[in-house]
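Topology and contacts: notes
Chain by chain, the residues:
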Amino acid sequence: LLNALSAESIHRPQIKFKFPLGGLSPFFKELIQDWKMCYLQEVEIQNSAASMAARAGAGGRGGAFGASSTAATTTATTIEGMVGKENATKILYHLLLNGPNEQVEVKKYFQSGGGGGNNVLQQKNMNQLSSPRAAFITPMKQQQQQMNTPRTTSTTNANNNEPNLELTMLEYYLLIFLRFPLANQEWEVQLQDQLRRMRYGAATTAYGQRVYSHLMSSYMKYYLPHGVYHRPDGGVGVGTTQRFEGGAPLDRTAELFLRLVIEFWVEGQVSPPTFAEGIQRYRNGRSAFLSTSSSSASSSSSSLNPTLRDSLELTQPLKTTYVSPPSQIQIGVLNLVRHLVSDVTVRNMVKTASMSCQRRQTQEREGRVPTTTDDDTATTAKISWCLPPAMTTIQPSIFNYIRLGFTCGSIHDRRSIFHRALEAWLVWVEPWNYVMKRRAVVVTGNNNNGSSSSATHRAGEFLRNAAATVSSHRVEYYPAYVKPKPTSPSTYSSQWEAYVVANLNLYTVPLAIFLKRARELDFSSTNEYPRSLALVQRVLRVFSKQVVTVLNSVLNRRADALSASLATMHRDNLKAFCPPSSWTLADCQLDATNLLEEVFSQYQKRKNEMDIFDRIDARLNALFSGKIGSDETALQSLLSQVRYLMHLPQDYQVLPEEPKSSRGWGSFLGLGSRKDGSSLVENLLVPERDASGRLTDKGRAQIYSGMRKCNPIDVHFVGDPLLARVKTYEIPVLVELTVQASNYLNQKLGLVSEADVAEGQTTDEDTLSKHYHEMERYQKTLFRINLRFLADSRNIIFAYVLWWLFRTIGGFFSS
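Keep in mind the model is a prediction, meaning the values are calculated, not measured.

Right, let's talk about the overall build of the protein chain for a bit. Secondary structure summary: the protein chain contains 35 helices and four strands in total. Looking at the protein chain as a whole, 42% of its 815 residues qualify as buried. In the protein chain, the proportion of contacts linking residues at least 24 apart, taken out of those at least 6 apart, comes to 80%. Roughly 44,400 Å² of accessible area belongs to the protein chain as shown, and the carbon and sulfur atoms make up 56% of that amount.

Printed below as a string of structure tokens:
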């Protein structure tokens, strides 16, 4: 089909399909504004050329014609468009077969002052283009419409109406195809229905979405084919098809397809500000803040320069609100990243560049820097770019896609743009997780009559692949992604050094944004703590010691000449979205230590609040899962990773070591033994508190002067444990009954006076004061009965198990 569409535009170029500009307006306003600026810049260039020709004068008619022809030939190379929208300018001026001068309606529309937009026309065109079938008008129908339309009303732009783009059949199809997920709102409704069904294990993807994903995957393989895999024995992998041997530029159609995907899907409806705009906004905000404070001149001048830690603030959109792309587009972008990163051409080009960099490093260490008289000048004096053209083209857009997803996405929704961007980022920064595997090529007839089950098919495929490894069967090589576990070490090797350098800012800037936002993860909940910790581990495991060494060598300007050249080419490729070169990983020390304190404090707090049953349950889970002591080991591994990543001292401790408080059997049996102030942690870093746990005047002065700091672990329960709110593992009805029974027994036995019970039931005071008074009365009580443990569902289950065991064992012996 693609070949037929391409041949149609070649053999019959006079046939053009009209695409209304309003079909792009609801979704891609920045694209239209860029094209408008391009046409206005073209008018300025032509006017300046005409004025120069008029001043020349002496050339007469020939001089004017020569100036106009020169302006026409140089327009395509001098038009810049909007800053940061080079992709849109490239589509209009270099990739559409009908160039900007042949888009007569669009050109007249913009140059006559159009582009403000008419909501009625835009809405009508959007409805017309909701499906390709509804928008399709054959060339014969277009000719009939022109013949039936009076000549006096044939001018479409006489009243500044909406113009149409003139496209070939293939361009029209690609535009409709890539725009369809944005215009079709039904897919989002279907996705929500799928999520609801997923809870019951009956989720299936809609047929239309499966077809669309299959077509998109086919188009990626056709326009962006993988290179040839060279086996270690020197042979070439059979079954891999390609049109170029890596590194060759994309043809016009392939580049048009890729840039349309970038414009419609990756860059989307909202673009992040350039770093120059973000830094200016940052300085304006800091200047306004410092002008109202009593900061010194030296401190104010240094605080006006943002660091890597401020990447989150610099990425916030300036004028418009961020709109998350639909889920189908998020999945499509992730599949595109996987397709590009898994290309074996990336491995081959990066390996060659890494060998050149390592050879140069050895020469510089030995003090023999090569000169122009050396034999290997071509490989040591300069280095070629090590990424394929497709990855080079999409690199700035993917960089902005990940930054915006991390900044504006919801971190608590597992299906939000934050987590989809995180998946795409982890695939991009760890291409070494793709390994080349081989499988047998079996040429069979059409014998798939449905009689064989899927299990039989999978078993046969497994046996064929196993046989192909030890025989001479025809095999093909394919990239397979090996998803690493959160606690597994990185498989990075030195052959990927050039890749890390060529993607320098894709490692550092998203990491800085993630470290700042990771504190929003839920580490306090028992169910969410493992998931949140695993997410942090997945990110930090990428930055192994070898990767951090490569990053620091470039950021701290200690890299060799070839690595520095690669970093310079990478910054040039990012253009206006390149961050300052003075940023280092050490700028994020505060965010990294804050994240560690959050993780460690919440873990320690949960551990201290665990009762005997929680501890037994945790031990049993660790025993059966084979992960005894895994939490402490994981936290220590996390600490060591952050130490090396942020260059923290080796004796750095997240939280001060504190003596373990003894837990008596009174709380286990529910007898409610007295708690006094001696159980509070006393060390040099904790401010002074009274017996109830409240800060004293001296403690407030210690915190204000910076001599002491509050520890999250010191935050303890305020109130009476008997009157605490219902826990998740308690039965509410039994809680109310056991509390009433406990108060009745304590009053009858004289353990608690009736006045204290009546005073605890008053509601005149505020909640916090009420809880403090309850805690004071509880601390004055030496002994009382607390039957609330009978409302614990775990205790009920434990008692039932004991009863069943005694009954079973007793029946066995009695028989």
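The next subject is unusual backbone geometry. Both trends apply: most residues other than glycine have a negative phi, and most peptide bonds are in trans. Located in the positive-phi region is Arg557, a residue other than glycine, with phi close to 60 degrees. Note on placement: Arg557 falls in the loop between helix 25 (545–555) and helix 26 (561–574). The class of Arg557 is exposed, set by a relative accessible area of 58%. Unlike most non-glycine residues, Lys575 shows phi in positive territory, near 55 degrees. Mapped onto the elements, Lys575 comes out in the loop between helix 26 and helix 27 (589–608).

Together, Ile797, Phe798, Tyr800, Val801, Leu802, Trp803, Trp804, Leu805, Phe806, Ile809, Phe812 and Phe813 make up an exposed nonpolar region whose accessible area comes to about 1,400 Å². Secondary-structure assignment places Ile809 in helix 35 (residues 793–814). Looking at Ile809, the relative accessible area reads 45%, which means it is partly exposed.

Moving on, we get to the pattern of salt bridges. Scanning the entire structure with this criterion turns up 20 salt bridges. Salt-bridge contacts for Lys85 lead to Glu263; the nearest nitrogen and oxygen are separated by 2.7 Å. You can see Lys85 sitting in the loop between helix 3 (60–78) and helix 4 (86–95) and its partner Glu263 sitting in helix 12 (residues 252–266), a full 178 residues away along the chain. Each member of the pair, Lys85 as well as Glu263, carries the same accessibility label: buried. For Glu730, the salt bridge identified is with Arg788, shortest N-O distance 2.9 Å. A residue pair is termed long-range when its members are at least 10 positions apart, and Glu730 in the loop between helix 31 (697–705) and helix 32 (732–748) and Arg788 in the loop between helix 34 (767–780) and helix 35 qualify at 58 residues. The network of salt bridges with shared partners includes Lys16, Lys18, Glu105 and Glu166.

Here we come to the packing of helix 23 (residues 504–517) against helix 26. Interhelical geometry of helix 23 versus helix 26 gives an angle of 65 degrees and a closest axis separation of 9 Å. With respect to their mutual orientation, helix 23 and helix 26 come out roughly perpendicular. Contact with helix 23, carried on its side by Leu504, Asn505 and Leu506, involves His570, Arg571 and Leu574 of helix 26 and no other residues of that element. For the contact of helix 23 with helix 26, a count of residues per class yields three nonpolar, two polar and one charged.

Let us now look at the confidence of the model for the protein chain. Detailed reading of predicted coordinates is not advised where the pLDDT is low. Taken residue by residue, the protein chain gives an average pLDDT of 77. The fraction at 70 or more is 71%. Predicted confidence for residues 295–299 stays below pLDDT 50, and this span has one contact to residues more than four positions away or in other chains. Counted against residues more than four places away or in other chains, residues 372–381, with its pLDDT under 50, gives 15 contacts.

A few words now on the packing of helix 9 (residues 169–183) against helix 11 (residues 207–223). The interhelical angle for the contact between helix 9 and helix 11, taken along N-to-C directions, is 135 degrees, at an axis separation of 12 Å. In terms of orientation, helix 9 and helix 11 fall into the oblique class. By crossing handedness, the relation of helix 9 to helix 11 is classed as left-handed. Contacts between helix 9 and helix 11 involve Leu170, Tyr173, Phe177, Leu178, Phe180 and Pro181 on the former and, on the latter, Tyr212, Leu215, Met216, Tyr219 and Tyr223. When the residues that make up the contact of helix 9 with helix 11 are grouped by side-chain class, the tally is eleven nonpolar, no polar and no charged.

A separate point is the packing of aromatic side chains. In the structure shown here, the tally under the stated rule is 27 aromatic pairs. Between Phe177 and Tyr219, the ring centres sit 5.1 Å apart and the planes meet at 65 degrees, which makes this aromatic pair edge-to-face. Taken as a pair, Phe177 in helix 9 and Tyr219 in helix 11 lie far apart in primary sequence, 42 residues in all. Taking relative accessible area as the criterion, Phe177 reaches 7% and is therefore assigned buried. Tyr219 sits in the buried class, given a relative accessible area of 5%. Among the aromatic residues, those joined into a ring-pair cluster are Tyr173, Phe177, Phe180, Tyr212, Tyr219 and Trp265. The ring of Tyr644 has Lys545 lying over it, and the distance from NZ or CZ to the ring centre is 5.5 Å.

For the structure on display, the rule yields zero disulfides. Of all cysteine sulfurs in the structure, the one in Cys386 sits closest to Cys357, which takes part in no disulfide; the separation is 7.7 Å.

Our focus in this paragraph is the environment of Val686. As for its position among the elements, Val686 is in the loop between helix 30 (665–669) and helix 31. Spatially, the C-alpha atom of Val686 lies 6.2 Å from that of Lys709, the residues being 23 residues apart in sequence.

Here the focus is helix 16 (residues 327–341). Between its terminal C-alpha atoms helix 16 stretches 21 Å, which fits the 21 Å expected from 15 residues at 1.5 Å a residue. Most of helix 16 is tucked away: twelve of the 15 residues are buried. When helix 16 is considered as a whole, its buried residues turn out to be Ser327, Gln328, Ile329, Gln330, Gly332, Val333, Leu334, Leu336, Val337, His339, Leu340 and Val341.

To continue, consider the nonpolar core. Here is a general trend for soluble globular proteins: nonpolar side chains tend to be buried in one another's company. In terms of nonpolar packing, the biggest core is built from 157 residues, with Leu24, Trp35, Trp425, Trp428, Tyr499 and Tyr507 touching the most fellow members. Apart from the residues lying within four places of it in its own chain, the contact partners of Tyr499 are Val341, Val346, Val350, Leu387, Met391, Trp428, Pro431 and Tyr507.

Attention shifts here to helix 26. For helix 26, built from 14 residues, the straight-helix expectation of 20 Å at 1.5 Å per residue is met to within 8% by its first-to-last C-alpha distance of 20 Å. The opening residue of helix 26, the one whose side-chain oxygen lies 3.1 Å from the backbone nitrogen of Leu562, is Asp560. Taken from the residues just after helix 26, Lys575 is the one with a positive phi, measuring 55 degrees.

Relative to the assigned elements, Asn505 resides in helix 23. Asn505 sits in the buried class, given a relative accessible area of 5%.

Further remarks concern the side chain of Ser397. Checked against the element boundaries, Ser397 lands in helix 19 (residues 389–408). By relative accessible area, which is 6% here, Ser397 ends up buried. Among residues more than four places away in sequence, those in contact with Ser397 are Ile262, Val266 and Glu267.

Right, let's talk about the pairing of strand 2 (residues 164–167) for a bit. Neither face of strand 2 is left uncovered, since the one carrying Asn164 and Glu166 and the one carrying Leu165 and Leu167 both have all their residues buried. With four bridges joining them, strand 1 (residues 17–20) and strand 2 adopt antiparallel strand pairing. The residue of strand 2 that forms the bridge with Lys18 is Glu166.

By secondary structure assignment, the location of Leu2 is in helix 1 (residues 2–11). The buried category is assigned to Leu2, whose relative accessible area is 9%. For the pair Leu2 and Tyr222, spaced 220 residues apart in sequence, the C-alpha separation works out to 9.0 Å. Beyond its immediate sequence surroundings of up to four residues, Leu2 is in contact with Leu170, Tyr219, Tyr222 and Tyr223.

About the cut-offs
- Residues numbered from 1 in each chain as written.
- Predicted model: local features only at pLDDT ≥ 70, side-chain atom pairs only at ≥ 80, totals over all residues.
- Heavy atoms only, no water.
- Helix = DSSP H or I, 4+ residues; strand = E, 2+ residues; numbered from the N terminus.
- Buried < 20%, exposed > 50% of the residue type's maximum accessible area, 1.4 Å probe, protein only.
- Contact = heavy atoms within 4.5 Å.
- Areas by Shrake-Rupley, 256 points an atom, 1.4 Å probe, with all protein chains shown as cover.
- Patch = residues over 30% accessible without salt bridge, like charges linked within 9 Å, V, L, I, M, F, W, Y side chains within 5 Å.
- Salt bridge = Lys/Arg side-chain N within 4 Å of Asp/Glu carboxyl O.
- Axes fitted to C-alpha atoms, helices over the stretch in contact; angles between N-to-C directions.
- Parallel < 35°, antiparallel > 145°, perpendicular 65-115°, else oblique.
- Nonpolar A, V, L, I, M, F, W, Y, C, P; charged D, E, K, R; others polar.
- pLDDT = per-residue confidence, 0-100.
- Left-handed = near helix turned anticlockwise from the far one by under 90°.
- Phe/Tyr/Trp six-rings, centres within 6.5 Å; stacked < 30°, edge-to-face > 60°.
- Lys NZ or Arg CZ within 6 Å of the ring centre and 35° of its normal.
- Disulfide = S-S within 2.5 Å.
- Expected span 1.5 Å × (residues − 1).
- Core = buried A, V, L, I, M, F, W, Y, C linked by side-chain atoms within 4.5 Å.
- Polar contact = N/O pair within 3.5 Å; in protein donor to acceptor, adjacent residues only side chain to side chain.
- Pairing = 2+ DSSP bridges.

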